Amino acid sequence: MRLVSLCAFISLVMESTEADDCFPCACSFTTWQGRSYILFADCSSRNLSYIPDINTEIYILDLSNNAIEADELLKLSRFRFLMVLWIQNISLKKLPRELPSAVSHIREFDLTGNKLDVFSSDSLASIRYLEEIKGLEAAYFEENAFQGLGSLKTLDITLSQSNISENIFSDLKLSSLTLRITTSENFPTNLLSFGKTSLSYLSIFAPRVTYLSDMVFDGLSRLEIISLNFESLQSLPLHLFFNPSKENMPTHLLSLSIYGVKSLPRDILRNQQRLESLTLSGVEDLPSGIFDGIQTLHHLNLSTSNVRRVSPYWFNDLRSLKSLNLSHTGLRELGNNSFVGLNSLSVLDISGNHLTSLPESVFQTFRQTLHHVNLSDNAISHITEKIFWELFSLLSLDLSHNGIVKISTRSFNHLSKMQILNLRNNSLYYIPEDVLQYQHDLRHLDLSNNSLQSIPKTLLQNAIALRFLDVSNNPVATFPENFLEHSRFLETLNMEGNPLHCDCRLFVIRSQTSGPMLNMTGICVSPEHLKGMSLNTASFTDNCISSTTESHVLTSTASKITTETTPLTSSDPEKETFSSTNSPFKSTFSSSSRSVLPNVTSFQQKTTDKTVPSTDARSFSQTTTPFSQTTTSFYQTTTLTSSSREETSANAPTKPSSTMKDTTGDTTSEKPVVFEGKDYGGIPSSGMKAFYIAMTVIGTLFVISVTAYVIRRGRLAIRSRSYSVNERIVIAHEETSASSNP
C-alpha cells in the first residue's frame, strides 16, 4: 500500500512539473523517441486574448471561450504538428488569408459559436489534410466555397443566406453532412448531387422551407442514415426515397427520422427492405398501412405525432420490432388487438396520453418478450388483476402520475422478475399487504407523493433484493415492527416530507438493513426535542424512553441489561415466576413499553445457583420495589435452570445478590439485548458500531490505494496508446519536411 501511494505521489509531482511548461493551459504530455509532446492542451475559458507561448509541440489545442483576435491565430504556425484545433465561441468574424498555411496539417477544425461574414474558396483551401469541420456558419457562402478540400469527410454547416447556390459543395466527397438552412424557403434541387458516390449520413434542419422536390435524393444510393426536420412543410413527396422509374435511389436506409412534417404519403416507405429505426415525430396525419411491408424494423418512435387511436392490426407486419414509443400521441384508448403482430416487442412507452383504462389482454401479444413498460402521465385510476398477467419477463413498470386510487391484490402476481416499480404521484391511500409477495428481485420501489396513511407490515417481506425505497411526501409517521427485516441490502430510504415520529423504530431500521451504509433521509416532526432535525443527525436513542418515566434512558450503547438475583423456588412450580405488579420480573413487555421500545424483544437476567424459600419472596420483592417503580415499563422473566431447581430447599436462606444496584444505577447483563430478533452473539451494539467504523476505515484505505494504482496505470496506458498518435505526428513531420524541401 505504501508503495502504491508513493507511486501516486511521484506521478502527481511529474504532472505538476509538466504543467509548469504549459502555463496558463492544462496539458497532458506524451513522449516519442525521447522527445516530449503535448497530447492535449486545454486553454479554454481562460480569458485569453493571445496564443499561449508554449514551446512544446501540440497535437490537440482548445482555445474555446476566449477573446482571441483573428490575426492572433497566425501564431499557430509555431505548432508544426497541430492536428486538432477548437476555437468555439471566440466571436470570430473572418479567417485570416494566411491561416491555411499556419495550420496546414490540421485534421479537425471546430468553429462552433462563430459567424463569419464571408466564406470563400480561399478561406481554408490550402489545408489539404483537413477531414472534419464542425460548426461552420457564415452570412454568405460563395460558389465552390470548399474547392481544394478533397480530404474533407465530415461537414457541419449553417447556411444563413436567402439564395443558396447549388454548387456550394461541388468537388466535395463527404460521407457525413449536417446541414442547417435558417433563412431560405427553398431547398435547391441539386444541392446534394455531390454525394452520389460517398454520402452515407445526412441531417437537414430547414424550419422555413415550404417546398421540397422529389428529385432531391436522386442518385444518393449510398445513404444509410437520414434525419429531416421541416417544420413548415405540409407533406413529403411520394417518390422522395423510391421511384420505380429511377435507379440509384436511397432504398437501403438503416435509420430514418422525420420531424415536423404535417402529413405523409401512405407508400413513402415502400421498398425500404433494410430499415431498422424509424422516427416520425410531430406528424399530424399518419395514414393506415404506412408500416406495411417493413419487416426489418427494430425501433419505432411516434412520439408527439397525432395517433389518438391505434387502428387494429396497424403494426401487423412489424414482427421484428423491439421498441415502440407512443408517448404524447393523444391516445385515448387501446384495444385488445391494438398490438397484434408485435411478437418481439421488449420496450413499450405509452406515457403522456389520455388513457383511463387498459383492456385485460392488451399486452398478451408480447407477454414473453416485454421487459419495460411506461404508462406514466395518463389518467388510469384502477389497476385490475389481469392487466399484467403472464408478463413473466417484465423488468420495469412505470405507473407514476396517473391518479391511481386502487391496486388489486393480485395485480403484480405474475411479475416475478420485476426490478423497478414506480408508483409516485398517484392518489393511493392504501396498498394491499400482499401485492408484492412474488417480487423477490425488486430493487427500486417508489411510493412517493401519494396519500398513504400507513405501510403494511408484510409489504416487503419477500423483497430481499430491495436497494431503493421512496415513501416521501406521504402522511406516514412511522413504520411497523420488522417492516424491513428482510431487506438486508437497502441502500436508500427517502422519507422527506413525512410527519416523522423519530422513535426507536427508525433506529431498528438501520439494524435490520445495511446499517451505516443506509442513506436514510427525512425530517423529524416529533418528539418535540427532535423536531426539525434530519434523520442523519438526530440521535434516535434519545427518545427510547419508558412510557412511565423520563429518568431511565435505554441507549444504543447499553446493549447489556442485567439484574443479578438469586433463584427463587417454592413447592408450587407455577410460583417460580413472579407475577407481582410491582415486580420488575414479567414474561412480556407491557403494551405501553412496546410502543416506545419496539426494538427490545427480550430482557434477560443473570441468576446464581443459590436458592431461596418461597416464604422469603415477598421480602425480596419489597427490597426491589424502588427499582421496579422506576422501571415499570421493563418486564423480565427469571428462568430457573434445572440444576437450581434440584438444589432448591424449603429452608435455604434468602440472600439477595450483592450486585443488585439501586434505582439510580444502571443494570447490566452478560447476555446481549436482542433487537428485533437479531442476536449479535454477545457483542454489544457499541461493539457493532466500532466494527462498522473499522470496516469503513479499512475500506476507505483500500479504495484510496486502488485509486492511486489506477491513476498510475492509467497514466502509463495513456502514454502507451499515444504511440499511434505519435506516428501520425512523425508522418506529419515528414510531410512538412518534404513540402519544405521539394
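**Digging into the overall build of the protein chain**
Step number 1: When you go through the protein chain residue by residue, the secondary structure sums to 8 helices and 29 strands.
Step number 2: For the protein chain, the residues scored as buried account for 48% of the 742 residues in total.
Step number 3: A separation of at least 24 residues holds for 56% of the contacts in the protein chain among residues at least 6 apart in sequence.
Step number 4: Accessible area of the protein chain: about 34,300 Å², with a carbon and sulfur share of 50%.

**Digging into the pattern of salt bridges**
Step number 1: All chains considered together, the criterion is met by 14 salt bridges.
Step number 2: The salt bridge partner of Glu333 is Arg309, with a shortest N-O separation of 3.5 Å. Of the two residues, Glu333 sits in the loop between β15 (323-325) and β16 (347-349) while Arg309 sits in the loop between β14 (299-301) and β15, which places them 24 residues apart along the sequence.
Step number 3: Across the pair Glu491 and Arg467 runs a salt bridge, and its minimum N-O distance is 4.0 Å. With Glu491 in the loop between β23 (468-470) and β24 (492-494) and Arg467 in the loop between β22 (444-446) and β23, this pair connects stretches of sequence that are 24 residues apart.

**A short note on the nonpolar core**
Step number 1: With 161 residues, the main nonpolar core has Phe146 and Phe363 as its most contacted residues.
Step number 2: Sort the elements by how many residues they give to this core and strand β7 (residues 132-141) lands first, with 4 residues.
Step number 3: Ignoring any residue separated from it by four or fewer positions in sequence, one finds Phe146 in contact with Phe119, Leu136, Phe141, Leu152, Leu155, Ile157, Ile168, Phe169 and Leu172.
Step number 4: With 5 residues, the next largest nonpolar core counts Leu39, Tyr59, Ile60 and Met83 among its residues.

**Remarks on the state of the cysteines**
Step number 1: Within this structure, the stated rule accounts for 3 disulfides.
Step number 2: Residue pairing for Cys25: its cysteine sulfur links by disulfide to Cys43, the two sulfurs lying 1.9 Å apart. Between Cys25 and Cys43, the S-S dihedral sits near 105°, and the bridge is therefore right-handed. Here the residue Cys25 occupies a position in the loop between α1 (2-20) and β1 (26-32), and Cys43 occupies one in the loop between β2 (35-42) and β3 (58-62), the gap between them amounting to 18 residues. Grouping residues by exposure puts Cys25 and Cys43 together as buried.
Step number 3: Note that Cys502 is cross-linked by a disulfide to Cys524, the S-S spacing being 1.9 Å.

**Here's the deal with the confidence of the model for the protein chain**
Step number 1: Summary statistics for the protein chain give a mean pLDDT of 78 and a share of 72% for residues scoring 70 or more.
Step number 2: This stretch, residues 1-19, has a pLDDT under 50; its non-local contacts, to residues over four places away or in other chains, come to 17 contacts.

**Quick notes on the side chain of Gln161**
Step number 1: Inspection of the secondary structure puts Gln161 in the loop between β8 (154-159) and β9 (176-181).
Step number 2: For Gln161, a relative accessible area of 6% translates into the label buried.
Step number 3: Polar side-chain contacts of Gln161 include one of 2.6 Å to the backbone nitrogen of Phe141.
Step number 4: Polar contacts involving the side chain of Gln161 include one to the main-chain carbonyl oxygen of Asn163, which spans 2.9 Å.
Step number 5: Each residue touching Gln161, except ones within four places of it in the same chain, is listed here: Ala139, Tyr140, Phe141, Ile168, Thr183 and Ser184.

**Examining the packing of aromatic side chains**
Step number 1: Enumeration according to the criterion identifies 16 aromatic pairs in this entry.
Step number 2: Ring centres of Phe169 and Phe194 lie 5.5 Å apart, and the angle between their planes is 55°; on these two criteria the pair is classed as tilted. Of the two residues, Phe169 sits in the loop between β8 and β9 while Phe194 sits in the loop between β9 and β10 (201-205), which places them 25 residues apart along the sequence.
Step number 3: Connected via pairs of aromatic rings, a cluster forms that spans Phe119, Phe141, Phe146, Phe169 and Phe194.
Step number 4: Above the ring of Trp389, the side-chain terminus of Lys386 is found at 5.7 Å from the ring centroid.

**Considering the pairing of strand β11 (residues 225-229)**
Step number 1: Burial runs high along β11: 4 of the 5 residues are buried.
Step number 2: Note: β10 against β11, 5 bridges, orientation parallel. Directly across from Phe205, in β11, lies its bridge partner Asn229.

**Structural notes on a nonpolar patch on the surface**
Step number 1: On the surface, a cluster of nonpolar side chains totalling about 490 Å² of accessible area is made up of Phe702, Val703, Val706, Tyr709 and Val710.
Step number 2: Within the secondary structure layout, Val706 lies in helix α8 (residues 685-740).
Step number 3: Given a relative accessible area of 34%, Val706 falls into the partly exposed group.

**Points about the pairing of strand β12 (residues 255-259)**
Step number 1: Burial of β12 is extensive: 4 of the 5 residues sit out of reach of the surface.
Step number 2: Bridge count between β11 and β12: 5 bridges; the pairing is parallel. Looking at the pairing, Asn229 lines up with Tyr259 of β12.
Step number 3: The pairing of β12 with strand β13 (residues 277-281) spans 5 bridges and is parallel. The residue bridging Ile258 from the neighbouring strand is Leu280, located in β13.

**With respect to the side chain of Thr329**
Step number 1: Of note, Thr329 is situated in the loop between β15 and β16.
Step number 2: Overall, Thr329 belongs to the buried group, its relative accessible area being 2%.
Step number 3: Not counting residues within four places of it along the chain, the set of residues in contact with Thr329 comprises Leu302, Ser303, Thr304, Ser305, Asn306, Val307, Arg308 and Asn353.

**As for unusual backbone geometry**
Step number 1: In this model, Phe23 is joined to Pro24 through a cis peptide bond whose omega is 5°.
Step number 2: Along the chain, Pro24 falls in the loop between α1 and β1.
Step number 3: Of note, the bond from Ser526 into Pro527 is cis; its omega dihedral lies within 30 degrees of zero at -5°.
Step number 4: In this fold, Pro527 is placed in the loop between β27 (524-526) and α4 (591-596).

**Some words on the environment of Asn426**
Step number 1: Structurally, Asn426 can be placed in the loop between β21 (420-422) and β22.
Step number 2: Once residues lying within four places of it in the same chain are set aside, the contact partners of Asn426 are Leu399, Ser400, His401, Asn402, Gly403, Ile404, Asn449 and Asn450.
Step number 3: Of note is the side chain of Asn426, whose polar atom sits 3.2 Å from the backbone oxygen of Leu399.
Step number 4: Polar side-chain contacts of Asn426 include one of 2.9 Å to the backbone oxygen of Leu423.

**What about the environment of Asn229?**
Step number 1: With respect to the secondary-structure elements, Asn229 resides in strand β11.
Step number 2: For Asn229, a relative accessible area of 17% corresponds to the buried category.
Step number 3: When the C-alpha positions of Asn229 and Ser281 are compared, they lie 9.5 Å apart, and in sequence the two are 52 residues distant.
Step number 4: Every residue in contact with Asn229, bar those within four places of it in the chain, is listed here: Ile204, Phe205, Ala206, Pro207 and Tyr259.

**A look at the environment of Leu436**
Step number 1: Within the secondary structure layout, Leu436 lies in the loop between β21 and β22.
Step number 2: The class of Leu436 is buried, set by a relative accessible area of 2%.
Step number 3: C-alpha separation for the pair Leu436 and Ala463, spaced 27 residues apart in sequence, amounts to 7.6 Å.
Step number 4: Excluding its chain neighbours within four sequence positions, the residues that come into contact with Leu436 are Phe412, Leu421, Leu442, Leu445, Leu459, Leu460 and Asn462.

Definitions and cut-offs
- Residues numbered from 1 in each chain as written.
- Predicted model: local features only at pLDDT ≥ 70, side-chain atom pairs only at ≥ 80, totals over all residues.
- Heavy atoms only, no water.
- Helix = DSSP H or I, 4+ residues; strand = E, 2+ residues; numbered from the N terminus.
- Buried < 20%, exposed > 50% of the residue type's maximum accessible area, 1.4 Å probe, protein only.
- Contact = heavy atoms within 4.5 Å.
- Areas by Shrake-Rupley, 256 points an atom, 1.4 Å probe, with all protein chains shown as cover.
- Salt bridge = Lys/Arg side-chain N within 4 Å of Asp/Glu carboxyl O.
- Core = buried A, V, L, I, M, F, W, Y, C linked by side-chain atoms within 4.5 Å.
- Disulfide = S-S within 2.5 Å.
- pLDDT = per-residue confidence, 0-100.
- Polar contact = N/O pair within 3.5 Å; in protein donor to acceptor, adjacent residues only side chain to side chain.
- Phe/Tyr/Trp six-rings, centres within 6.5 Å; stacked < 30°, edge-to-face > 60°.
- Lys NZ or Arg CZ within 6 Å of the ring centre and 35° of its normal.
- Pairing = 2+ DSSP bridges.
- Patch = residues over 30% accessible without salt bridge, like charges linked within 9 Å, V, L, I, M, F, W, Y side chains within 5 Å.

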